[in-house]
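Residue-level structural notes
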Amino acid sequence: MNKLKTFSITALAAALSLVSVSEAAPQRDQFYWLTEMNKASVVINADENLLDKDLAKRIAKGISEVVADAAKPGAKRPNKVIAYEPELIKKVGMDATMLHIGRSSQDMHASYNTMILRDYILSISEALAKTMQLLQDIAERNIDTVVPNYTNGVAAQPNSYAHYLFGYLASFERDQHKLKECYERINYSPMGTTVLNGTSWPLNRQRMSDYLGFKAPVLNAYDAAQTKPIDELIEISNVVTGIALHVGTFIQDVMTQYAQPRPWIILQEGGDNTYVSSAMPQKRNPGLLINTRKAASTVFGDAQTMLIRAHNIAPGFSDPKGASYWPTMEQTLAMLKSFDKCLTALRINPKRALEELNLDWTASQEVADVLMREYKLPFRVGHHFASQVVGYARTHDIKPLDFPYAEAKRIYSEVIKSEYPTGNPNLPMSEEQFKATLNPIEIIKNRKTAGGPQPAEMRKQLDIMEVSIKNQEKWTQEQKQKINDALAKLDKDFAEYLK
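I will try to describe carefully the structure that is included in this document. All values reported here derive from a predicted model rather than from experimental measurement.

Cut-offs applied
- Residues numbered from 1 in each chain as written.
- Predicted model: local features only at pLDDT ≥ 70, side-chain atom pairs only at ≥ 80, totals over all residues.
- Heavy atoms only, no water.
- Helix = DSSP H or I, 4+ residues; strand = E, 2+ residues; numbered from the N terminus.
- Expected span 1.5 Å × (residues − 1).
- Buried < 20%, exposed > 50% of the residue type's maximum accessible area, 1.4 Å probe, protein only.
- 1 Å grid on protein atoms, 1.4 Å probe; cavity = no way out; pocket = protein on both sides within 12 Å on 5 of 7 lines; lining within 4 Å.
- Points joined across faces, edges and corners; volume = space filled by probe spheres on them.
- Phe/Tyr/Trp six-rings, centres within 6.5 Å; stacked < 30°, edge-to-face > 60°.
- Lys NZ or Arg CZ within 6 Å of the ring centre and 35° of its normal.
- Salt bridge = Lys/Arg side-chain N within 4 Å of Asp/Glu carboxyl O.
- Axes fitted to C-alpha atoms, helices over the stretch in contact; angles between N-to-C directions.
- Parallel < 35°, antiparallel > 145°, perpendicular 65-115°, else oblique.
- Left-handed = near helix turned anticlockwise from the far one by under 90°.
- Contact = heavy atoms within 4.5 Å.
- Nonpolar A, V, L, I, M, F, W, Y, C, P; charged D, E, K, R; others polar.
- Core = buried A, V, L, I, M, F, W, Y, C linked by side-chain atoms within 4.5 Å.

Quick look at helix α9 (residues 287-310)
Every α-helix winds through 3.6 residues per turn, so residues three or four apart in the chain are directed the same way. For α9, with 24 residues, the first-to-last C-alpha span of 35 Å sits near the 34 Å given by 1.5 Å per residue. Among the residues of α9, Gly 287, Leu 288, Leu 289, Thr 292, Ala 295, Ala 296, Thr 298, Val 299, Ala 303, Met 306 and Ala 310 are the ones counted as buried. Directly beyond the C-terminal end of α9, a positive phi value near 60 degrees is found at Asn 312.

Topic: empty space enclosed by the protein
For the coordinates displayed, the defined rule picks out four cavities of 30 Å³ or more. Here the largest cavity defines a volume of roughly 110 Å³. Within the residue set of the lining of the largest cavity, elements represented by two or more residues are α2 (30-47) and α7 (205-211). Here the lining of the largest cavity gets three residues from one element, more than from any other, and that element is α2.

Re the packing of aromatic side chains
Pairs of aromatic rings are described using the distance from one ring centre to the other and the angle between the two planes. Tallied over the full model, the rule gives 16 aromatic pairs. Taken together, the ring pairs connect Tyr 161, Tyr 164, Tyr 168, Phe 172, Phe 250, Trp 264 and Phe 339 into an aromatic cluster. A cation over a ring is seen here: Arg 118 above Phe 214, with NZ or CZ 4.7 Å from the ring centre.

Comments concerning the pattern of salt bridges
Evaluated as defined, the whole model comprises 26 salt bridges. Among the salt bridges present, the one from Glu 457 reaches Lys 460, with a minimum N-O distance of 3.5 Å. With a gap of three residues between them, Glu 457 and Lys 460 both fall in helix α17 (residues 455-495), about one helical turn apart. Exposure remark for Glu 457: the relative accessible area of 12% places this residue in the buried category. In the salt-bridge network here, residues are joined through shared partners; they are Arg 262, Arg 352, Glu 355 and Glu 356.

Comments concerning the packing of helix α5 (residues 105-141) against helix α8 (residues 221-255)
Packed helix pairs are characterised by how far apart their axes lie and by the angle those axes make with each other. Two numbers describe how α5 lies on α8: the axes approach to 11 Å, and their chain directions differ by 20 degrees. If you check the angle between α5 and α8, you find them roughly parallel. The element α5 and its partner α8 pack so that their crossing is left-handed. Contacts from Gln 106, Asp 107, Ala 110, Thr 114, Leu 117, Ile 121, Ile 124, Leu 128 and Leu 135 of α5 reach α8 at Ala 224, Ala 225, Gln 226, Lys 228, Pro 229, Glu 232, Leu 233, Ile 236, Val 240, Ile 243 and Phe 250. When the residues that make up the contact of α5 with α8 are grouped by side-chain class, the tally is 14 nonpolar, three polar and three charged.

A short note on the layout of surface pockets
Think of a ball as big as a water molecule: rolled over the atoms, this probe shows where empty space is left. Roughly 400 Å³ of internal volume is contained in the largest pocket. In this structure, the largest pocket is lined by 20 residues; those nearest its centre are Lys 80, His 109, Tyr 112, Asn 113 and Gly 322. Of all the secondary structure elements, the ones that give two or more residues to the lining of the largest pocket are α1 (3-15) and α5. For the lining of the largest pocket, the element with the highest residue contribution is α5, accounting for six residues. Partitioning the lining of the largest pocket into residue classes produces eight nonpolar, nine polar and three charged. Considered as a void within the structure, the second largest pocket measures approximately 280 Å³ in volume. Contributing to the lining of the second largest pocket are 16 residues, with Trp 361, Ser 364, Gln 365, His 383 and Val 390 lying nearest its centre.

Let's talk about the side chain of Thr 193
With respect to the secondary-structure elements, Thr 193 resides in the loop between β3 (188-189) and α7. Given the relative accessible area of 1%, Thr 193 is considered buried. When neighbours within four sequence positions are excluded, Thr 193 is seen to be in contact with Asp 107, Gly 198, Arg 205, Ala 221 and Ala 224.

Section: the nonpolar core
Among the nonpolar cores identified, the biggest contains 103 residues, and Tyr 161, Ile 236, Ile 243 and Phe 250 are the most heavily contacted of them. In terms of residue count, α5 provides more of this core than any other element does, 16 residues in total. If we skip the residues at most four places from it in the chain, Tyr 161 touches Ile 138, Asn 142, Thr 145, Val 147, Phe 250, Trp 264, Ile 265, Leu 346 and Ile 348. The next biggest cluster of nonpolar side chains, apart from the first, holds 25 residues, and it includes Leu 371, Val 390, Tyr 405 and Ile 443.

So, the environment of Leu 169
As for its placement among the helices and strands, Leu 169 is situated in helix α6 (residues 161-186). According to the relative accessible area criterion, Leu 169 is buried, its value standing at 0%. Considering only alpha carbons, one finds Leu 169 and Met 465, 296 residues apart in sequence, at a separation of 8.0 Å. Sequence-distant contacts of Leu 169, that is, excluding residues within four places in its chain, are made with Met 132, Leu 135, Gln 136 and Met 465.

Regarding the packing of helix α13 (residues 379-395) against helix α14 (residues 405-419)
Relative to each other, α13 and α14 sit at 135 degrees, their axes nearing to 9 Å. Considered as vectors, α13 and α14 are oriented oblique to each other. As for the relative orientation of α13 and α14, their crossing is right-handed in sense. Taken together, the residues of α14 that come into contact with α13 (itself represented by Val 381, His 384, Phe 385, Gln 388, Val 389 and Tyr 392) are Glu 407, Ala 408, Arg 410, Ile 411, Tyr 412, Val 415, Ile 416 and Glu 419. Looking at the contact of α13 with α14, its residues break down into nine nonpolar, two polar and three charged.

Structure, rendered in structure tokens:
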């Protein structure tokens, strides 16, 4: 097991009794990337006549032996330049340090931190696309499922559950775009910039960048190891904060249902999803939801720690650099994996959701809308009418579909006389239309707005989001392939120096 995996498991085990790290987490640690940089330095500098070719072959053989030693059970994997170099000296002698042409631990460590972060971003992108596909699948099954939506913690309007899910999909899609933009910004090679102002060696930085799968070399040598590494961590911390916020908000919205005796959305019982209270036999605590929310809170908290660690630090200090971001990236992957389990375990009861809607007056705004749209009554007058209907109903414990039409006519007449004297005091809506206007299912079907919850619009959004998710998956795989192709080319060229 490599250093990255060992560190991550230990860190997470200490933080949570949740889930193990994601199998998709990056496997390429500092030792791996130091080796790749050493291999590239052998090939490039020998080809550029900066390194004697016979010595290059000796160093290449030494690098291979160091790698073989590190692969032995219990062996250490040096994770810093000053720890790796002595191992190479043991194999080659002091001449091995001729490999250090125009290099420094500053540009090398900045490079491997970027490359490890690059791998993490692609793993998170892949995991997020999977999460989004799960949400998409649930939405597709629930286009016609009508549920209450809430604002300020109070039941507000009926909505299609698919439409509600697409609100979250839109947020996650923005997170995915931010991941892509972050990747594009960080994917520049610091190698060859040494510490602050470059080197007198005529290094081929472009070729080094190509071998390591970067887009191009970092333009400014000072930026490469002093400011860019900090900016990378600040940006990724903000991206994973957004992902964690969206996961946590979704979980919290589901959690409110557990305060009801008859929830309309709940986790399937059993397994790791729920557990029975030790004292109260009727309780089925949603352990999976609680642990996933805990994971989201941990990501959020750790991401802020990354920002604070970088705050008020003069350039050149190592406080915010290094592997400090690994636990946050691993926890993000673990959070998404746990969230996927939540989504798979969700059970929606459309009948109960509709019952909940018909217990309250979440459709009352539609009354004002219909009066304005079809009968040209000023909205605020119609709003006051609907509000008084609701007030009367709650005082007399009347459900929306049971409201007496005669009482509606009386209230309407009083509102018109007091607030709109020029209007006709007779309620223009028939009893049938009044009842239909309060029907949550009809409200959803009759929505006309682009982006609304009506079935035709939902199918359009499904198609658009399906393309978006596929494009995200394609982009992620393309970036992985570019890196793998670059490293394969390096291995091929390096092999020539092992002959």
